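Residue-level listing of the chains:
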Amino acid sequence: MQLPSHDRYDDLYRDFSWRIPEDFNIGRAVSDDWAARDPERVCLEHFSPDGDHRVMTYRALADRSSAFANALVSLDVKRGDRVALLLPQSFETVIAHVAIYKAGAIALPLALLFGVEALEYRLKAAGAAAVVTNGFGLERIRQIRGRLPALKHIVSIDGASADATAFAELVDGHPSVFDIAKTGPDDPALMIFTSGTTGPPKGALHGHRVLPGHIPGMQFAHEGFPRPGDKVWTPSDWAWAGGLLNALLPSLLLGVPVVSSPAQKFDAGMAYRIMAEMKVRNAFIPPTALRLMRSVADPRSKYDLALRTIGSAGEALGRETYEWARHTLGITVNEFYGQTECNFVLASSAAYSVTKAGAIGRAVPGHRVAIVSETGDELPVGEPGQIAIASPDPVMFLGYWDDMAATERKFVKGWLLTGDIGRQDAEGYITFDGRDDDVITSSGYRIGPAEIEDCLIGHPAVQLAAAVGKPDAVRTEIVKAYIVLSPGHHPSEALAADIREWVKTRLSMHEYPREVEFIDALPLTTTGKVIRRLLRERAASEG
């Protein structure tokens, strides 16, 4: 799983080979194995706004997760059962995850931001047998409990109630020794629902191999990770593949402490404070959050930051944000790419001289990525097509839950088709243009929204932006931009005209937004991705 000791990317890529054990269990690997070697090693630190930060050791994680695994068995949770986690970043979340893997069950992480309909859809589709949640989540589960026939048990980390068992009582009431389920790389471990940017969410089922499959990407994007003193934090919800598999679990596997922080609407000042107070060295920060962090002027003079690396994924980072981070934070952000179905397959790494403004990066060692046509044929350099990953691959999903037809449609000629449009240059760098459904067709041109949005946020009045196609009788579609203004700026036709001219003079006559609309907030998934589908529908309804 470790990257070879090379300084050059080409040597690294050539000499890497996968060595995933036939007997591998995520739960054991991220807790008990470390507890046996270095029991007092710190694995988790929790940031508290009042300064009362807490820590947990690998010994405590191993013991408490084994106790909770025994509790799950006592609740008749069997191997292969789905156990939902509706929780914020917390020690209890990690304990529950590890216990589920140890028991041979399937973890189903869900975001607390989900409304009752979204929760009902996912819990019902997965047939979840149990839910571990807090008081906030419990209130939502109560509203739909009667429509979830498979749900047998609710466990609350906020204590017992008439319809929930107390998490702490279960842990304290069971022994801390557990016979960990024997699992192999392809045994199911984790189900994460897709974000639903283009259609109904689907449950992507992953085997235990998904975790070791993420290690080369972590080591590449975080430049030799782990190094002495490394410590990881992400504002991303651990219910998302990014927060869970691009930060939490790989760090625990490699013995690196992970900082958790209370659930909140993203706040740039608080993000800087967390990183400074907790001495975070390695951060995973999605592009949307990085753009919001630009609102804090001269952060290095206000916060004692110890950052060594920043990774970013989820949306296109773009040249503007890339250059801002280099200038303001003194760090080259290493962008990476993947999907819920197949994650962390492309990446940048400044330490290995793999970095280019506006590009995601190159294939992570161990993965083969190409630009292909809809029929699965590799395309020439510079030609746009679908980003595709060669099968098999350790990070590739086992399939969509209870949907073989959709799984089969995902593959063509041995390639997993991502549905994302990109292009590859002569050096092997891949640039992300947008989702296939997001591409705008205007006057015969196919226009990706990512480049337009990157240009838009370079305007001093623009904090966030999304570009979509609006139906047009003459041009098929025109580019329409939805803009969230930076503090201190106010909507006006003069400002809209200035923004249009900004893009026209920097990109091209066919890419500038012919319509600009100012809005208070963009529709985002729980992972921070813009739901352009909703904006397209909004634009189409305007006539």
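Here the structure is shown first, and the text comes after it.
Notes on the structure in this doc start here. Residue numbering note: each chain is counted from 1, following its sequence as written. The predicted origin of the model limits local features to residues at a pLDDT of at least 70 and limits the giving and counting of side-chain atom pairs to 80 or more, whereas totals for whole chains, interfaces and linings rest on all residues. Note: side-chain values were computed over all heavy atoms of the structure, leaving out hydrogens and water.

So, about the overall build of the protein. When helices and strands are tallied, the protein shows 17 helices and 27 strands. The reference for a compact globule is 2.2 Å times residues^0.38; the radius of gyration itself is calculated from the C-alpha atoms. On C-alpha atoms alone, the protein measures out to a radius of gyration of 23 Å, which is about the 24 Å that the 2.2 N^0.38 rule sets for 543 residues. Burial classes: relative accessible area under 20% of the type maximum marks a residue as buried, over 50% as exposed, and values in between as partly exposed (1.4 Å probe, protein chains only). The buried share of the protein, reckoned over its 543 residues, is 60%. Taking the intrachain contacts of the protein between residues at least 6 apart in sequence as the baseline, contacts between residues at least 24 apart amount to 68%. Numbering of helices and strands runs from the N terminus, with a helix taken as a DSSP run of H or I at least four residues long and a strand as a DSSP run of E at least two residues long. In what follows, residue pairs with any heavy atoms lying within 4.5 Å of each other are defined as contacts.

So, on to the side chain of threonine 133. Here threonine 133 shows up in strand β5 (residues 130-133). Leave out the neighbours within four places in its chain, and threonine 133 touches Leu86, Leu87, Leu138, Ile154, Val155, Ser156 and Ile157.

In this section: the packing of aromatic side chains. Ring pairs shown here join Phe, Tyr and Trp side chains whose ring centres sit within 6.5 Å, with only the six-membered ring taken for Trp; geometry is labelled stacked below 30 degrees between planes, edge-to-face above 60, and tilted in between. One pass over the structure, following the stated rule, counts 14 aromatic pairs. Of the aromatic side chains, those joined through ring pairs into one cluster are Tyr9, Tyr13, Phe220 and Tyr352. Across the ring face of tyrosine 400, the terminal group of lysine 202 is positioned such that the distance to the ring centre comes to 5.2 Å. Geometrically, a charge over a ring is one whose NZ (Lys) or CZ (Arg) sits within 6 Å of the ring centre while staying within 35 degrees of the ring normal.

Another point: empty space enclosed by the protein. Taking a probe equal in size to a water molecule and rolling it over the atoms shows the remaining empty space. Think of a 1 Å grid over just the protein atoms. A cavity is a set of points where a 1.4 Å probe fits yet cannot get out, a pocket is an open set with protein on both sides within 12 Å along at least five of seven lines, and lining residues have an atom within 4 Å of a point. Grid points are joined across faces, edges and corners, and a volume is the space filled by probe spheres set on the points. A full pass over the atoms with the stated rule returns three cavities of 30 Å³ or more. Taken as a whole, the largest cavity encloses approximately 150 Å³ of empty space. Sorting the residues of the lining of the largest cavity by element identifies α11 (287-293), α15 (449-456) and β25 (462-472) as the ones contributing at least two each. Per element, the largest residue contribution to the lining of the largest cavity is three residues, and it comes from α15. The space that makes up the second largest cavity amounts to roughly 50 Å³. Taken together, Leu85, Leu87, Thr93, His97, Pro109, Leu110, Asp237, Trp238 and Ala239 make up the lining of the second largest cavity. Classifying every residue of the lining of the second largest cavity gives six nonpolar, two polar and one charged. Think of it as three bins: nonpolar holds Ala, Val, Leu, Ile, Met, Phe, Trp, Tyr, Cys and Pro, charged holds Asp, Glu, Lys and Arg, and polar takes everything else, Gly as well.

Here we come to the packing of helix α4 (residues 91-102) against helix α9 (residues 241-253). A fitted line through C-alpha atoms represents every axis, and for helices the fit uses only the stretch in contact; the resulting angles, taken between N-to-C directions, go from 0 to 180 degrees. Across the interface, α4 lies against α9 with an axial gap of 13 Å and an inter-helix angle of 75°. Our classification of the angle between α4 and α9 gives roughly perpendicular. Facing Val94, His97 and Tyr101 of α4, the residues of α9 in contact are Leu244, Leu248, Leu249 and Leu252. Its residues assigned to classes, the contact of α4 with α9 shows six nonpolar, one polar and no charged. To sort the angles, those under 35 degrees are grouped as roughly parallel, those over 145 as roughly antiparallel, those from 65 to 115 as roughly perpendicular, and the leftovers as oblique.

Turning next to unusual backbone geometry. Following phenylalanine 225, the chain continues to proline 226 via a peptide bond in cis, the omega torsion being 0°. Among the structural elements, proline 226 can be located in the loop between α8 (210-221) and β10 (232-233). The amide bond that connects serine 391 to the next residue, proline 392, takes the cis arrangement and shows omega of 0°. In this model, glutamate 223 sits at a positive phi of 50°, which is unusual for a non-glycine residue. Structurally, the position occupied by glutamate 223 is in the loop between α8 and β10. The exposure class of glutamate 223 is buried, given its relative accessible area of 14%. The phi angle at lysine 413 is positive, at roughly 50°, despite the residue not being glycine. Counting through the fold element by element, lysine 413 comes out in the loop between β20 (411-412) and β21 (415-424).

Our focus in this paragraph is the environment of leucine 305. Here leucine 305 lies in the loop between α12 (299-302) and β13 (309-312). Sequence separation of leucine 305 and arginine 273 is 32 residues, and the distance between their C-alpha atoms is 8.7 Å. Setting aside its immediate chain neighbours within four residues, leucine 305 contacts Tyr272, Met275, Ala276, Arg300 and Leu329.

Attention now goes to the nonpolar core. Within this scheme, the nonpolar core is defined by two criteria: the residues are buried Ala, Val, Leu, Ile, Met, Phe, Trp, Tyr or Cys, and they are joined through side-chain atoms within 4.5 Å. Counting residues in each nonpolar core, the largest one holds 100 residues, and the members touching the most others are Ile26, Leu44, Phe68, Val132, Leu248, Leu252 and Leu346. Setting aside chain neighbours within four positions, we find leucine 252 in contact with Val30, Trp34, Cys43, Leu44, Tyr58, Val94 and Val258. Of all hydrophobic cores here, the second largest spans 27 residues; its members include Met275, Ala289, Leu290 and Ile310.

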